[in-house]
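Structure at a glance
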Amino acid sequence: MGAKSFGHYQQIDQCFDELVHKDGQIRTPAAAIARFIDRHGSGELIQRQEQLNQTISAMGVCFTLYSDGNNIDRCWPLDVMPRTIPSSEWQKTSAGLKQRLAALNLFIDDLYHDQRILKDGIVPADLVLDSRNYLAPCKGISPRYGVWANICGTDLVRDGSGQFLVLEDNLRVPSGVSYMLENRTVMKRVFPELFADSFIYPVDDYPHQLWRMLASLSPRPGDVPCIVLLTPGVYNSAYFEHSFLAQQMGVELAENTDLIVQDDIVYLKTLHGLQRVDVIYRRVDDIFIDPEAFRPDSVLGIPGLIKAWAKGNVSIANAPGSGVADDKVIYAYVPEIINYYLGEQPLIDNVPTYLCLDKKQRDYVLANLDKLVVKPANESGGYGILIGPRSTKEEQQQMAEAIKANPRNFIAQPTLALSTAPTLCDGVLEPRHLDLRPFILQGRDLYCTTGGLSRVALKKGSLVVNSSQGGGSKDTWIINDEV
Amino acid sequence: MLLKSLDHIFWLGRYLERLDDTARLINATSHLLIDSHKDSQFSWPLLLDVLGQNGAELLSQLPASDLTVEQQVMGYLITDVDCQVSIRAACTALKQNARTVRQLIPRDMWEELNSLDLFLQEHCQQLQGRQHRYRLMTEVSRRCQMVVGVLDGTMLRSDAFDLFNIGRHVERADMTTRIMDVMVLQQLQPTDIKRPRFRWTSILNALGGVESYHYYLAHQNTEVDAVDYLLTYADFPRSIAYCLHRVAASAKGLPHSAAILQRVWQLQDLLKTQNLSELTTGQLHQLIDQFQTGIIELHQVISTPNLELSKDLSQQMSA
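No experiment lies behind these values; they were computed from the predicted model shown.

Right, let's talk about the overall build of chain A for a bit. Assigned secondary structure in chain A consists of 14 helices and 24 strands. Against the globule reference of 23 Å for 483 residues, chain A gives a C-alpha radius of gyration of 23 Å, in line with a compact fold. Overall, chain A is about 70 × 60 × 50 Å in size when its C-alpha atoms are taken along their principal axes. Evaluated residue by residue, chain A yields a buried proportion of 60% over its 483 residues. Surface exposure of chain A reaches about 19000 Å², of which carbon and sulfur atoms provide 50%.

So this is what it looks like as C-alpha cells:
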C-alpha cells in the first residue's frame with residue numbers, strides 16, 4: 001500500500017516515522033488507518049477531529065493552566081491520528097521498563113540503608129548525598145517489599161534509527177496516565193470502525209492495576225485497605241487527573257486537612273468519624289507532605305505523617321525520598337545501576353549524556369552549546385532547557401555562565417532526531433515530533449501499561465511536547481503483530 | 001465519604017434543583033403574563049421577588065435603557081453572571097461543586113453536568129425573544145432532568161446519593177414556599193376573615209402541577225384549594241409534604257439523622273396540627289414564614305454535623 005493514503009505526506013529526512021517506512025510504504029500496524037483514509041478521504045478525518053474535540057469538551061477532559069495568577073481549564077488536545085506500535089516491539093520495551101524500575105528501587109533502598117553502591121564507587125557518593133532529593137530522615141526506613149518508587153512515568157523517545165531510548169525517569173509524582181485512558185475512551189467513540197478492524201490492546205485495566213498495587217502496600221494485610229489519593233487541591237494543575245483516578249479506583253480524594261495523625265496512626269475525617277488510613281497515594285511533592293519532617297512552612301502537609309510512615313503504620317506511594325533517583329545526573333548512571341544490582345545489561349539504552357560535573361565532559365559541552373540540549377538536573381515540565389541549534393548566542397552565553405556556576409546541576413545530550421508521526425495540522429497530515437510516557441507500577445508485582453501517553457509537539461519543527469507549552473497528544477495503539 | 005464533601009454534594013443537589021425550578025418559573029410566569037385574560041396584577045419584577053431579590057429596587061438602580069422591564073428582569077435571571085439567582089450563576093456554582101466531588105459522581109452524570117454547563121455557556125450569553133427563551137428554558141429543565149435520571153440509574157446508593165437527594169428536596173420545598181409566599185399570599189389583602197378560595201391555577205404551572213391539582217380536587221371529600229394542595233398533598237412531588245417525606249427517608253443512614261429527622265418532624269407537625277381551611281390569610285402568612293425559617297434551620301442542621309463529630313474527633317484525639 002502506498003503512502004498516498006496520507007496525501008502528500010512529507011517525512012523529515014533524518015527522523016524515524018512511526019506510521020510510514022522510509023520508502024513511503026505504510027507500516028503494517030497502521031494499515032487499518034490507511035484503509036480508513038483511502039475509503040473515506042481526508043475530509044472525513046477533519047470531520048472526525050471536529051467530533052473528537054466536541055467529545056473531549058463534553059467529557060470534560062481538561063488540564064489546568066496557571067496564567068496571570070488565574071487557573072484556566074483548557075480542553076485536552078488530542079490529535080485524531082493515532083500512533084501505532086507493534087506488540088512484539090512493545091513486549092521487549094515493557095520488559096526493559098520493568099527492569100529499569102526494579103533496579104532503581106534496589107538503588108534507592110540501598111541509598112537509604114547500606115549505600116553499597118556508593119562504597120563500591122559505582123556512583124559518586126557526594127552526587128547522591130548532596131542532592132536536595134536525598135532526604136536524610138528516610139534513612140533506615142523499609143517500605144513494603146523494599147520498593148520506594150511504586151509509580152514511575154518513564155519518558156521514551158526514538159532516535160533516528162527508530163530505537164527506543166529512555167529520556168528520563170519520573171519518580172516523584174508522574175502525571176498523564178488519566179489522559180492515556182481518556183484518549184482511548186474518546187477514540188473508541190469517534191472511530192468505532194477502526195477498533196473493530198484492528199487488534200488493538202486495551203489500556204483500561206490501569207486503574208485496577210494501580211488499586212491492586214496500592215492495596216498490596218497495606219500495612220494491615222487481610223483487612224480491606226483504606227486507600228486515599230492525596231491531592232494539593234482543586235487548584236492544582238493535575239487536579240483533573242487526581243479526581244479521575246480517585247473516581248476510577250473508588251478511593252477517597254483527600255487534601256491535607258482531611259487527614260490527621262494520632263499516636264502515629266493516620267486517620268481520614270469521614271462523615272461517620274475517623275477512619276484509619278492504610279495507604280496514601282500522594283500527588284504532593286514529598287518535601288511538602290509533613291511540615292514536622294521537612295518544610296515547616298508547608299501548608300500542604302500533614303504533621304506527624306512521616307513518623308507514622310517510619311513506624312510502618314501507613315504506606316506512602318511513592319515513598320518520601322524516592323525522588324533521589326529522579327535526577328538527570330543520576331540518570332546518566334542508570335545503565336551501571338542496572339548492571340550492579342541485577343547483573344544484567346539494560347534492555348533499553350539511555351540517551352548519550354554528558355555530565356557537566358566532569359571537567360572533560362563539561363569542556364565539551366561548553367564548546368558545543370550550539371549543538372547540544374542542556375537540561376537542569378531537577379526541573380520538570382520542560383522548563384529551563386536550552387535547545388542548542390534553536391538558541392541565540394545570548395541564551396548560550398547565559399547557559400555557559402549557569403553551568404560554570406553550578407556544574408553539578410546540568411547535563412547535556414545531543415539533539416536527537418526525535419521520531420515523528422502524521423498529525424492533522426490545519427487539515428493536512430504533517431510529521432510532528434513525539435515522545436512516549438508509559439507508566440510502570442511496582443508493589444508486590446511489576447506492571448507496565450500497554451503503551452502509554454504519546455505527547456506530540458504541535459508546532460512545526462518543535463521538540464517540546466509538554467501540554468503547558470503547546471504540546472498535544474495521540475492515542476497510542478499497541479497492535480497485535482504476533483497472530 | 002469525606003466529611004468535607006457533605007456540603008458540596010448537598011449543594012450540588014440544591015443548585016441542580018434551583019436551575020430546574022428557575023427555568024420552570026420563568027416559563028410559567030411568562031405564559032401567565034402574556035396571557036390577554038390576565039387573572040392577576042402580577043408584573044415581571046415579581047419573579048425577582050420570588051427568588052429572594054428586591055425586584056423593584058434592583059430595576060430602579062439600572063441605568064436608563066431601551067430595554068423593556070421584561071428584558072431587564074430576564075437579564076438578571078438568565079444571563080447575568082453576577083446576579084446570584086441567575087441561571088448562569090446557578091450553573092457555575094453547580095459545576096464548581098461537581099468538580100470538587102467528582103470522585104463521588106458517576107462518569108455519565110459528570111458528562112451530563114458538563115454538557116449542561118457547555119450548553120448554558122453557549123446559549124445564555126445574550127437575551128433573545130420570548131419564543132427562543134421558552135425553548136431555552138425548556139431545554140435547561142430537560143437537561144436537569146437528564147442529570148437526575150442518569151444519577152438515579154447509575155449512582156451507588158451511598159451517603160453521597162442521599163445527601164444529593166436531600167439537597168434537591170430542601171431546595172424544592174424552599175422554592176414552593178417562595179412561590180406561595182410571593183405569588184399567592186402577598187397578593188391577598190391581610191384580613192382577619194377566612195381566606196378567600198383562590199383559583200390561580202395558572203401559578204401551578206410553575207410547579208408543573210396543574211393536571212395533578214385537578215386530580216386532587218376531584219378526589220377530596222372536603223373543599224380544598226391550591227394552598228392545601230401545595231402544602232399537604234404528599235402524592236404531588238412538589239408539595240411541602242412530599243419534600244419533607246423524601247428528606248426524612250434519605251436522612252436515615254446519615255450520622256446526624258436524629259437531628260435532621262427532629263427538624264423534619266417539627267415541620268410535619270406544623271402541617272398536621274393546623275386546620276388549614278380555618279386559617280385567615282394573616283395566619284396563613286405566618287405559617288409560610290414558619291416554614292421558611294424551618295427550612296433554613298433544616299439546611300443548617302444538615303450541613304453542620306460537626307457539632308457531634310468534632311466532639312467525636314476530640315474524644316478520639318485525647319484517647
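Residue and element names in this part refer to chain A. In spatial order, the strands read S8-S9-S10; together these three strands make up an open sheet with antiparallel pairing. What marks the edges here is a single partner per strand, and that holds for strand S8 (259-262) and strand S10 (273-276). Recorded for the sheet is a direction-independent mean angle of 40° between the axes of neighbouring strands. Of the pairings in the sheet, the one linking strand S9 (residues 265-270) to S10 comprises four bridges and is antiparallel in character. Paired with Lys269 across the bridge in S10 is Leu274.

What follows concerns the nonpolar core. Core analysis: the largest hydrophobic core is formed by 101 residues, its most contacted members being Ile9, Leu19 and Leu231 of chain B. The two domains that each donate at least three residues to this core are domain 1 (7-155) and domain 2 (165-308) of chain B. Contacts of Leu19 of chain B, omitting those with residues within four sequence positions, involve Ile87, Ala90, Cys91, Leu94, Leu116, Leu120, Val140 and Cys144 of chain B. Counting 74 residues, the second largest nonpolar core, distinct from the first, contains Ile141, Val284, Ile302 and Leu416 of chain A.

With that settled, the discussion passes to the environment of Gln96 of chain B. Residues and elements named next belong to chain B. With respect to the secondary-structure elements, Gln96 resides in helix H5 (residues 87-100). A residue is classified by how much of its surface remains accessible, and Gln96, at 51% relative accessible area, is exposed. As for Gln96 and His8, which are separated by 88 residues in sequence, their C-alpha atoms are 8.8 Å apart.

Under the counting rule described, the total for this entry stands at 23 aromatic pairs over all chains. Linked through ring pairs, Phe63, Trp76, Tyr179, Phe240 and Phe244 of chain A together constitute an aromatic cluster. Taking the ring centre of Phe161 of chain B as reference, the NZ or CZ of Arg157 of chain B above it sits at 4.0 Å.

Turning to the domain arrangement of chain B, a few remarks are in order. All names here are of chain B. Entries for chain B in the domain assignment read domain 1 (7-155) and domain 2 (165-308). On the side of domain 2, 23 residues touch domain 1, which itself brings 24 residues to the contact. A buried area of about 2300 Å², summed over both sides, lies between domain 1 and domain 2, and 62% of it is on carbon and sulfur atoms. Inspection of the domain 1/domain 2 interface yields eight salt bridges. The partner of Glu171 in a salt bridge is Arg18, and the shortest N-O contact between them spans 2.9 Å. Applying the counting criterion to the domain 1 and domain 2 interface returns eight residue pairs in polar contact (both at pLDDT 80 or more). Contributions of two or more residues to the side of domain 1 that touches domain 2 are made by helix H1 (5-33) and helix H2 (45-50). Class assignment of the residues belonging to the side of domain 1 that touches domain 2 gives a composition of 10 nonpolar, five polar and nine charged.

Residues and elements named next belong to chain A. We note that the domain assignment places domain 1 (86-180 + 202-342) and domain 2 (352-414) within chain A. The partner domain 2 presents 11 residues to the 14 residues of domain 1 that form the contact. Both faces combined, the contact of domain 1 with domain 2 buries some 1100 Å², and carbon together with sulfur accounts for 52% of it. Note that Asp327 is salt-bridged to Arg408, the shortest N-O span being 2.9 Å.

Residues and elements named next belong to chain A. Note the cis peptide between Ala317 and Asn318, where omega equals -10°. Even without being glycine, Asp263 reaches a positive phi, approximately 50°. Within the secondary structure layout, Asp263 lies in the loop between S8 and S9. Backbone geometry places Asp264, a non-glycine residue, at a positive phi of 65°. Here Asp264 lies in the loop between S8 and S9.

Turning to the pattern of salt bridges, a few remarks are in order. Residue and element names in this part refer to chain B. By the definition in use, this model includes 46 salt bridges over all chains. Across the pair Arg14 and Glu171 runs a salt bridge, and its minimum N-O distance is 2.7 Å. Of the two residues, Arg14 is situated in helix H1 and Glu171 in helix H8 (residues 159-184); the sequence distance between them amounts to 157 residues. The same class applies to Arg14 and to Glu171, which are both buried. Each of Glu17, Asp20, Asp21, Arg24, Arg168, Arg172 and Arg238 takes part in one network of salt bridges that share partners.

With that out of the way, let us pick up the interface of chain A and chain B. Counting residues at the interface gives 33 residues for chain A and 29 residues for chain B. Note on chain A versus chain B: buried area summed over both sides is about 2600 Å², and carbon and sulfur give 48% of it. Linking chain A with chain B are four salt bridges, by the criterion used here. Put simply, Glu182 of chain A and Arg107 of chain B hold a salt bridge, and the shortest N to O gap is 2.6 Å. Our enumeration of links across chain A and chain B arrives at 13 residue pairs in polar contact (both at pLDDT 80 or more). When contributions to the side of chain A that touches chain B are tallied by element, the ones reaching two or more residues are helix H2 (42-59), helix H6 (177-190), helix H9 (239-249), strand S7 (252-254), S8, S9 and S10 of chain A. Of all the elements, H9 of chain A adds the most residues to the side of chain A that touches chain B, at seven residues.

Turning next to the packing of helix H13 (residues 359-367) of chain A against helix H14 (residues 393-405) of chain A. Residue and element names in this part refer to chain A. Interhelical geometry of H13 versus H14 gives an angle of 170° and a closest axis separation of 10 Å. If you check the angle between H13 and H14, you find them roughly antiparallel. Relative to H14, H13 is oriented so that their crossing is left-handed. Residues Arg362, Val365 and Leu366 of H13 lie in contact with H14, whose contacting residues are Ala400, Ile403 and Lys404. Residues that form the contact of H13 with H14 fall into these classes: four nonpolar, no polar and two charged.

So, on to the layout of surface pockets. Put simply, the second largest pocket is a space of about 730 Å³. In this structure, the second largest pocket is lined by 31 residues; those nearest its centre are Asp73 of chain A together with Lys95, Gln96, Arg99 and Asp117 of chain B. Among the secondary structure elements, those contributing two or more residues to the lining of the second largest pocket are H2, strand S1 (62-67), strand S2 (70-75) and H9 of chain A together with H5 and helix H6 (107-123) of chain B. For the lining of the second largest pocket, the element with the highest residue contribution is H5 of chain B, accounting for seven residues. The class makeup of the residues in the lining of the second largest pocket is 14 nonpolar, 10 polar and seven charged.

A few words now on the sheet that holds strand S14 (residues 354-355) of chain A. By way of backbone hydrogen bonds, the strands of a sheet pair with one another, either parallel or antiparallel. All names here are of chain A. If you trace the four strands from one edge of the open sheet to the other, you get S14-S17-S15-S16, paired in antiparallel fashion. The two strands at the open ends of the sheet, each matched to only one other strand, are S14 and strand S16 (386-387). Sheet analysis places S14 next to strand S17 (residues 410-414), joined by two bridges and oriented antiparallel. Residue Tyr354 lies in a different strand from S17, and its bridge partner there is Ala412.

Procedures and definitions
- Residues numbered from 1 in each chain as written.
- Chains lettered and ligands numbered in written order.
- Predicted model: local features only at pLDDT ≥ 70, side-chain atom pairs only at ≥ 80, totals over all residues.
- Heavy atoms only, no water.
- Helix = DSSP H or I, 4+ residues; strand = E, 2+ residues; numbered from the N terminus.
- Rg over C-alpha atoms; globule rule 2.2 N^0.38 Å.
- Buried < 20%, exposed > 50% of the residue type's maximum accessible area, 1.4 Å probe, protein only.
- Areas by Shrake-Rupley, 256 points an atom, 1.4 Å probe, with all protein chains shown as cover.
- Pairing = 2+ DSSP bridges.
- Axes fitted to C-alpha atoms, helices over the stretch in contact; angles between N-to-C directions.
- Core = buried A, V, L, I, M, F, W, Y, C linked by side-chain atoms within 4.5 Å.
- Domains from an automatic or database assignment.
- Contact = heavy atoms within 4.5 Å.
- Phe/Tyr/Trp six-rings, centres within 6.5 Å; stacked < 30°, edge-to-face > 60°.
- Lys NZ or Arg CZ within 6 Å of the ring centre and 35° of its normal.
- Buried area = accessible area lost by both parts, 1.4 Å probe.
- Salt bridge = Lys/Arg side-chain N within 4 Å of Asp/Glu carboxyl O.
- Polar contact = N/O pair within 3.5 Å; in protein donor to acceptor, adjacent residues only side chain to side chain.
- Nonpolar A, V, L, I, M, F, W, Y, C, P; charged D, E, K, R; others polar.
- Parallel < 35°, antiparallel > 145°, perpendicular 65-115°, else oblique.
- Left-handed = near helix turned anticlockwise from the far one by under 90°.
- 1 Å grid on protein atoms, 1.4 Å probe; cavity = no way out; pocket = protein on both sides within 12 Å on 5 of 7 lines; lining within 4 Å.
- Points joined across faces, edges and corners; volume = space filled by probe spheres on them.

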